[in-house]
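Take a look at the letters that make up each chain.
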Amino acid sequence: MSVSSQDINYVKEHIRLIPDFPKEGIQFVDITTTLKDAKAFGITLDYMKDSLNGRKIDIIVGLESRGFIYGAALSAAMNVGFVPIRKPGKLPADVISVDYDLEYGQDTIEMHKDAIKPGQKILIVDDLLATGGTADAASKLIRKAGGDIVGAVFFIELTSLEGRKRLEADGIKVKSMLQYDLD
């Protein structure tokens, strides 16, 4: 199915912007309103699937936590595996990890050591692309495991934070369904 501009407008109408959340000065893009609407959620998944332009993928990697929602649903729809990338201490088996810098400090993400086999084609999926820090760290983790990243797809992109530039500079093709400039 090809997603039309009418479909995209339908989804946009289901986005809720919340001022001053989680703190003053932040405009929060609330996606829960699109998740509870089956049509909006379905259109979003169709967009993500269509954005691959027929490229073969073996595994979808979802970033904690809302990337699990889109990544798992998309992997089921495409009949490919799903791998969660999590914060430390959440995965039960042996893990590999990557530390990365945030605007306000440092964080770490992990993945099971046996989650990706060398040479597998990987798609990164998340709900939101902001600065690109977490997605960039995920790409390093995937490459550390020997995976070949075919792209990254996001539901929403905050264009003023330039996460796309960061990922594209690392050779990752980026797609996003909705773009907001919240400056």
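Everything quoted here is computed from the prediction, not taken from an experiment.

(A) Quick peek at the packing of aromatic side chains. Across all of its chains, the model carries four aromatic pairs by this definition. Judged by centre distance (5.1 Å) and plane angle (80 degrees), the rings of Phe-21 and Phe-28 are edge-to-face. An aromatic cluster is defined as three or more aromatic residues linked by ring pairs; in this entry it consists of Phe-41, Tyr-70 and Phe-155. Its end group placed over the ring of Tyr-10, Lys-39 keeps NZ or CZ at 4.3 Å from the ring centre.

(B) Highlighting helix H5 (residues 133–144). With twelve residues, H5 ought to run about 16 Å at 1.5 Å a step, and its terminal C-alpha atoms sit 17 Å apart, in line with that. By the burial criterion, the buried members of H5 are Gly-133, Ala-135, Asp-136, Ala-137, Ala-138, Ser-139, Leu-141 and Ile-142. Phi for Gly-146, located one or two positions after H5, is positive at around 95 degrees.

(C) Geometry of the layout of surface pockets. Considering only enclosed or pocket space, the largest pocket measures out at about 1,200 Å³ in volume. Along the wall of the largest pocket there are 39 residues; nearest its centre are Arg-66, Glu-103, Leu-128, Ala-130 and Leu-158. At the level of secondary structure, the elements contributing two or more residues to the lining of the largest pocket comprise strand S2 (27–30), helix H4 (66–78), strand S5 (95–102), strand S6 (105–112), strand S7 (121–129), H5 and strand S8 (148–158). With four residues, S7 is the single largest residue contributor to the lining of the largest pocket. Each residue belonging to the lining of the largest pocket can be placed in one class, and the counts come to 20 nonpolar, nine polar and ten charged.

Cut-offs used in this document
- Residues numbered from 1 in each chain as written.
- Predicted model: local features only at pLDDT ≥ 70, side-chain atom pairs only at ≥ 80, totals over all residues.
- Heavy atoms only, no water.
- Phe/Tyr/Trp six-rings, centres within 6.5 Å; stacked < 30°, edge-to-face > 60°.
- Lys NZ or Arg CZ within 6 Å of the ring centre and 35° of its normal.
- Helix = DSSP H or I, 4+ residues; strand = E, 2+ residues; numbered from the N terminus.
- Expected span 1.5 Å × (residues − 1).
- Buried < 20%, exposed > 50% of the residue type's maximum accessible area, 1.4 Å probe, protein only.
- 1 Å grid on protein atoms, 1.4 Å probe; cavity = no way out; pocket = protein on both sides within 12 Å on 5 of 7 lines; lining within 4 Å.
- Points joined across faces, edges and corners; volume = space filled by probe spheres on them.
- Nonpolar A, V, L, I, M, F, W, Y, C, P; charged D, E, K, R; others polar.

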